[in-house]
Amino acid sequence: QVQLVESGGGLVQAGGSLRLSCAASGLTFSSYAMGWFRQAPGKEREFVAAVSRSGTTTYYTDSVRGRFTISRDNAKNTVYLQMNSLKPEDTAVYYCAASADTTPTPTSSYDYRYWGQGTQVTVSS
């Protein structure tokens, strides 16, 4: 069955960096656009970033553009989220997801078919 397993979360001070990884199995990874979403306590899940099947196209929500970088390695079936200049408002559970939608970089959670279990990111002030 399809599995998406996130790792790399943790506690970091404001201004610091973290790199999240998401290892995929049970699917033809290069056939799926990949995205990262996050959900803070008491808030709805929100889109963070997406990368196209080939990795050549990326898209970010405004609040992370310039600080976060999404990338993928199709040979390793893995998608990454490099997070720099972290802020307390970035604190959330981060989820990776796989989309079969025709859009290169889907931004709606409804466009994603498979989801990981999430990894906690906590940024202290």
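Provided above is the structure to which this section pertains.
Residues numbered from 1 in each chain as written. Predicted model: local features only at pLDDT ≥ 70, side-chain atom pairs only at ≥ 80, totals over all residues. Heavy atoms only, no water.

**Digging into the pattern of salt bridges**
Inspection of every chain in the model, using the stated rule, returns 4 salt bridges. A salt bridge links R38 to E46; its shortest N-O distance comes to 2.6 Å. One salt bridge connects R38 with D90, and the closest N-O pair in it is separated by 2.9 Å. Residue R38 is found in strand 4 (residues 33–39), and its partner D90 is found in the loop between strand 8 (78–83) and strand 9 (92–99); the two are separated by 52 residues along the sequence. (Salt bridge = Lys/Arg side-chain N within 4 Å of Asp/Glu carboxyl O. Helix = DSSP H or I, 4+ residues; strand = E, 2+ residues; numbered from the N terminus.)

**Quick look at the sheet that holds strand 1 (residues 3–7)**
The strand order across the open sheet built from 4 strands is 1-3-8-7, with neighbouring strands paired in antiparallel fashion. Edge positions in the open sheet fall to strand 1 and strand 7 (68–73), since each of these has one partner strand only. Looking at each pair of strands side by side, their axes are set apart by 15 degrees on average, direction ignored. Relative to strand 8, strand 3 (residues 18–25) runs antiparallel, the two being bridged by 6 bridges. Opposite A23, over in strand 8, you have T78 as the bridge partner. (Pairing = 2+ DSSP bridges. Axes fitted to C-alpha atoms, helices over the stretch in contact; angles between N-to-C directions.)

**A few points about the packing of aromatic side chains**
In this structure the tally under the stated criterion is 6 aromatic pairs. Geometrically, the ring pair formed by F37 and F47 is edge-to-face, given 5.7 Å between the ring centres and 75 degrees between the ring planes. Taken together, the positions of F37 in strand 4 and F47 in strand 5 (residues 46–51) put the pair 10 residues apart, joining distant regions of the chain. Both residues of the pair, F37 and F47, count as buried. Among the aromatic side chains, those forming a connected cluster through ring pairs are F37, F47, Y59, Y112 and W115. (Phe/Tyr/Trp six-rings, centres within 6.5 Å; stacked < 30°, edge-to-face > 60°. Buried < 20%, exposed > 50% of the residue type's maximum accessible area, 1.4 Å probe, protein only.)

**Quick word on the nonpolar core**
Counting 29 residues, the largest nonpolar core has W36, V79, L81, M83 and Y94 as its most contacted members. Secondary structure elements with two or more residues in this core: strand 3, strand 4, strand 5, strand 7, strand 8, strand 9 and strand 11 (119–124). Contact partners of V79, with chain neighbours within four places excluded, come to L20, S21, C22, F29, M34, W36, V51, I70, S71, R72 and C96. Core analysis: the second largest hydrophobic core is formed by 5 residues, F47, A50, A97 and Y112 among them. (Core = buried A, V, L, I, M, F, W, Y, C linked by side-chain atoms within 4.5 Å. Contact = heavy atoms within 4.5 Å.)

**Points about the pairing of strand 3**
Looking at chain direction, strand 1 and strand 3 are connected through 5 bridges and run antiparallel. Looking at strand 3, one finds that V5 is bridged to A23.

**A closer look at the state of the cysteines**
Under the counting rule described, the total for this entry stands at 1 disulfide. Through a disulfide, C22 is tied to C96; the S-S separation comes to 1.9 Å. Looking along the S-S bond of the C22-C96 disulfide, the torsion reads about 45 degrees, which is the right-handed sense. Within this pair, whereas C22 is found in strand 3, its partner C96 is found in strand 9, the two being separated by 74 residues in sequence. C96 shares its class with C22; the two are buried. (Disulfide = S-S within 2.5 Å.)

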